[in-house]
Amino acid sequence: MKPSYYLAAACSSSILITGTASAQNVTNLNISNQNPNAYYPKKTDPVLVLTDAGKSLEAKCAAAQAALKAELEKAIPQLDEAKVAAWREAIKAEESSEKDHAAKAKELAKWQGAEANLRKLEEQLKYGPQTIEDAQAELTRARARGEEDPERMKLLQSAENFLKSRQGDIDRLNAGIVKAKQEVEEAKVKLPEALKAAEIAKQAHDKALDHTWKTMDAIGLNSFLSSGALDLKLAQYMILKDATPTILAEFAQQSPENAKLIEELLTDKGLMLQMLVNDGASGGRYGQAMKIYTDIQKASPKAKDGIFQRLAMACSLAHATPIVKRDRPTGADGLEASDAEGADGNSKFIDPVQRYLSFEKWYEAGELHKGFKNLSVWNLRRVVDCTDPDEMMVWARQMLHTLRPDCIPSDDDTLVFVEVVDKEIAYGSGGLVNDLLDKHFMQNILANGGICGRRGFFGRFILQSFGVPSTERVEPGHSTITLWHPSGWQTRLGGNFGKSNRGFYSKMGGGGGNYGADVNFVASSQAREEETAFLKVKRAEWIAALMGELWKPGLITYSGKTTGPTPPKPGTVVIPSTWSDISLHEQRRIIAQRETAQTKAVAKAEPSATGKASVDASGVITIPSAATSSPTQDKRSLYKGGQSDLIVFLNNKAGETLLHLSRYAKEGDSFEYTFDAPKAGKYQLVADLATPKPNQKLFATANGGKAIEMALPYTLGLWGKTTAVEVELKAGSNVLKFHGPARATFKQFTLTPIP
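For the structure given in this document, a descriptive report is provided here. (Residues numbered from 1 in each chain as written. Predicted model: local features only at pLDDT ≥ 70, side-chain atom pairs only at ≥ 80, totals over all residues. Heavy atoms only, no water.)

### Quick look at the pattern of salt bridges
The following threshold applies: Here a salt bridge means any side-chain nitrogen of Lys or Arg lying within 4 Å of a carboxyl oxygen belonging to Asp or Glu. We count a stretch as a helix when DSSP gives it H or I for four or more residues in a row; a strand needs E for two or more, and each element gets its number in order from the N terminus. Whether a residue is buried, partly exposed or exposed follows from its accessible area with a 1.4 Å probe, protein chains only, as a fraction of its type maximum: under 20%, in between, or over 50%, in that order.
This structure, assessed with the given rule, holds 47 salt bridges. A salt bridge links K69 to E73, with the shortest nitrogen-to-oxygen separation between them at 3.0 Å. Here K69 and its partner E73 are both found in helix α3 (residues 52-75), four residues apart, which amounts to about one turn of the helix. By relative accessible area, K69 is classed as partly exposed at 26%. Residue class for E73 comes out partly exposed when judged on its relative accessible area of 32%.

Here it is as C-alpha cells:
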C-alpha cells in the first residue's frame with residue numbers, strides 16, 4: 001500500500017470533484033482540443049482563486065511535498081567534507097593544465113590548417129579579375145547616362161563605391177595570401193614541435209582530469225547516483241516543487257478530469273522522469289502539460305511510441321505555457337512581430353495538439369530533414385516552440401524548394417539551411433519601410449531584409465519549419481542562432497560558442513532554456529547523448545534542489561557581459577552548492593569521455609547550363625531556364641571577404657535545373673539563350689518564375705534590339721507567371737537576352753506566336 005503522503009492519495013479525485021461542484025468566483029475554463037486558448041486562462045480574466053476544496057488540496061500537496069522531502073533527506077548519503085574538499089582542490093589544480101592544453105591545441109590547429117587557409121584564399125582570388133571587370137563596366141554605364149538623368153549622380157556614386165570596395169577586397173586578399181604563404185613555410189618548421197607540445201599538454205591535462213575523477217569517485221556517490229531506487233520520490237518531489245502546490249491545486253480544482261490528470265502524472269514514474277529530464281514543463285505548468293499530452297494521445301493513436309511519443313511530449317512541455325502566435329505582419333521598428341508580454345484576451349495561441357498533428361503529417365510525408373526521426377524530446381521541443389503559424393511553416397518549405405532549393409541539404413548537413421540568410425536576406429534596416437501590412441513577418445523579412453534580429457528570426461524559422469531544432473543566442477549587442485547538427489549543436493550569424501575575442505560569454509535567448517551562458521547549453525546537449533549516464537547528472541541536480549541549493553545552469557555563471565564565474569562579494573552568505581557541482585562535473589565527465597562525431601564536408605558538383613529549347617506542334621517555343629548559351633557556369637563575385645552569387649544554376653527536388661538571378665546581381669549581369677524559331681514574327685513572351693519581393697523588373701532583348709520591360713509579379717517565393725510582353729523573332733537562330741537587377745528564380749520562358 002502506498003504511503004498516505006503520496007500525492008496520488010493526497011490529491012484524490014473525490015476531493016476535487018466536490019471542490020468543483022462548490023466553486024465560487026472561479027473562472028470557468030472550457031477545455032477543448034479544438035481551442036488552444038482553453039488550456040490557459042486569458043490575461044484579461046480575473047486571477048484564479050482557490051476554492052475551499054482547492055485550498056484543502058493545496059495544503060495536502062504542501063504536506064506531501066514536506067513529507068517527501070523528509071523521507072528523501074534520510075535516504076541521501078552524508079558527504080565526507082574532507083573528501084569533498086580534496087575533490088575541489090583537484091578541480092583547482094586542473095586549471096593551469098587545462099589552459100595550457102587549450103593554448104597548445106590552438107597553436108597546433110593554426111599550423112595544421114596553414115595550407116588549407118592558403119588554398120581557400122587563392123580560390124577566392126580567382127573571382128577577382130571578373131569582379132573588377134564587372135565593377136568597371138557598371139561604372140562605365142553610370143557615366144554614360146545623360147546629365148539630365150536624375151538617377152545619374154546616385155548611380156555614379158554607387159558604382160564608384162562598389163569598385164573601390166571590391167578593389168579593397170582584392171588588396172586584402174593579396175595581403176592575406178602573402179601572410180598565408182609565410183605561415184605555410186613557417187609551419188614546415190614549427191608543426192613537428194607543435195605536435196609534440198600539444199601531446200605533452202594533453203597528457204598533463206588527462207592526468208589532472210584523471211585525478212579529478214578519482215577524487216570525485218572517492219566521495220562514494222557512484223553507486224548511489226547510478227541507482228534509480230529514489231527516482232519515483234525524487235520525481236514527485238521535483239514536480240511538486242517546480243509546479244508548486246498552489247498551481248497544481250489551481251489546475252486540478254477546475255474539473256474532475258484535471259484532478260485525474262494530476263493523479264495519473266504523479267503515479268507514472270516514467271512520464272515524470274521524461275518530463276523532468278527534458279527540462280520540465282514550461283513555466284512549471286505540469287497540469288497543462290499533462291492535459292496537452294493526453295489530448296494528443298486521444299487525437300493520434302501514433303503518439304504512443306517512438307518519434308511520435310517524443311514529439312507529443314515535446315509539444316506538451318514546450319506549450320504548457322501558451323506560445324503567442326506570430327500573426328501580425330511586423331512589429332516595432334520592424335523587429336519582433338508579437339511577444340508573450342503583449343498577450344491579451346484577443347490573443348491567439350499556437351494550438352499544441354494541432355502543432356503535433358502537423359509535424360506528424362509532415363514527417364510521414366517526408367517533408368522534414370533526415371535527422372528528425374532520431375531527435376530527443378529535449379531537441380524536439382526546440383522545433384515545436386516555433387511562434388509562427390503552421391501554415392507559414394508550410395509556406396517556408398514550399399518557398400525554399402522553389403526559390404532556393406540549393407539551401408536544402410540532400411544529406412543531414414543542417415547548416416545548409418542557414419545559407420539562405422546570407423543568400424537572400426539583405427543586411428540593413430533601410431528596407432523596413434517597405435514591409436507590407438497584408439504580408440506575414442517572415443515574408444516581409446524575405447522581401448526587405450533586416451539587421452541581426454530579423455535575420456536571426458528568419459534563420460530559426462526556416463530551420464524549425466524543416467524540423468531542425470534551433471534557438472536564439474545573444475552576443476553583447478548582437479543576436480545569432482544556434483541549431484542542431486549531427487556533429488553537435490552549432491552557432492551561426494555570429495561568433496563561436498565560448499568566450500569572444502573581447503572575453504565575454506554569450507547568452508542563450510528565447511527557447512534556449514535557463515542555461516545562461518551558451519557553453520552551459522552546449523555542455524548539456526553533449527552530455528544528453530549518453531542517456532543512462534546523464535541520469536546521474538539529473539539525480540544530483542534534483543538532490544541539490546531538495547537540499548535548498550541555488551540552481552546552477554552550468555560551470556559558467558552569466559550576468560550581462562560576463563567573462564566567467566563571479567566571485568561572491570565580501571560579506572555575502574554563500575549557499576553551499578556541493579550537489580549542484582557534483583551534477584555539473586558528472587556532466588563534464590560524460591563529455592570528456594565521449595568521442596564527438598565529426599561530419600566531413602563532401603564536395604559536390606555544382607549544376608551548370610543544361611537542356612535546350614523545344615517547339616510544339618502549334619509553334620510554341622519553350623526554353624528551360626537552365627538552357628543558357630551564356631553563362632554556362634555559375635557566376636559569382638568577390639564580396640566583403642567572401643563570395644556572392646550573381647547568376648547560379650540550382651537543382652531542385654524534382655530533378656530540374658533552374659536559373660537564379662541573385663540579389664547581388666547588377667544591370668551588367670545578364671543571361672541569354674540561343675535557339676531556333678520555326679518562323680519569323682511576333683511572339684508573346686512569358687516567364688515562369690518565383691520572386692521574393694514586389695516591384696521588380698526584368699529587361700528582355702531579342703537579337704540586340706530594344707530592351708523590353710517585363711514587370712515581375714510578387715509571388716512570395718512560389719511559382720507564378722509574368723504578364724505577356726511582345727517580342728519579334730526571325731526565322732532560324734535567335735538570341736534572347738535578359739538582365740535585371742532583380743531577384744528571381746526562373747523555371748522556363750515560353751514564346752507563343754501571335755497570329
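That shown, we press on.
### Re the environment of Q490
In plain terms, the rule: Here, residues are in contact when the closest pair of their heavy atoms is within 4.5 Å. In the analysis that follows, any N or O atom pair within 3.5 Å is treated as a polar contact, provided that within protein one partner can donate a hydrogen and the other can accept it, and provided that, for residues neighboring in sequence, both atoms belong to side chains.
Locating Q490 in the fold gives a position in strand β3 (residues 490-492). Sequence-wise, Q490 and L415 are 75 residues apart; in three dimensions their C-alpha atoms are separated by 8.2 Å. Not counting residues up to four positions away in its chain, the partners in contact with Q490 are L415, I481, T482, L483, H485 and F497. Here G488 takes part through its backbone oxygen, which lies 3.2 Å from a polar atom of the side chain of Q490.

### What to know about the sheet that holds strand β13 (residues 708-712)
The test is simple: Only strands that DSSP links by at least two bridges are regarded as paired with each other. Lines fitted to the C-alpha atoms define the axes, with helices restricted to the stretch that makes contact. Angles between their N-to-C directions range from 0 to 180 degrees.
Strand order in the open sheet formed by four strands is β10-β16-β12-β13, with antiparallel pairing between adjacent strands. Strands at the two margins of the open sheet, each flanked by one partner only, are β10 (670-677) and β13. Each strand axis lies, on average, 25 degrees off the axis of its neighbour in the sheet, ignoring direction. With four bridges joining them, strand β12 (residues 696-702) and strand β16 (residues 732-739) adopt antiparallel strand pairing. Paired with A700 across the strands is F738, a residue of β16.

### Notes on the side chain of D518
Checked against the element boundaries, D518 lands in helix α21 (residues 518-527). Looking at D518, its side chain comes within polar contact range of the side chain of R473, at 2.8 Å. Excluding its chain neighbours within four sequence positions, the residues that come into contact with D518 are R473, N496, F497, G498, Y505, S506, K507 and M508.

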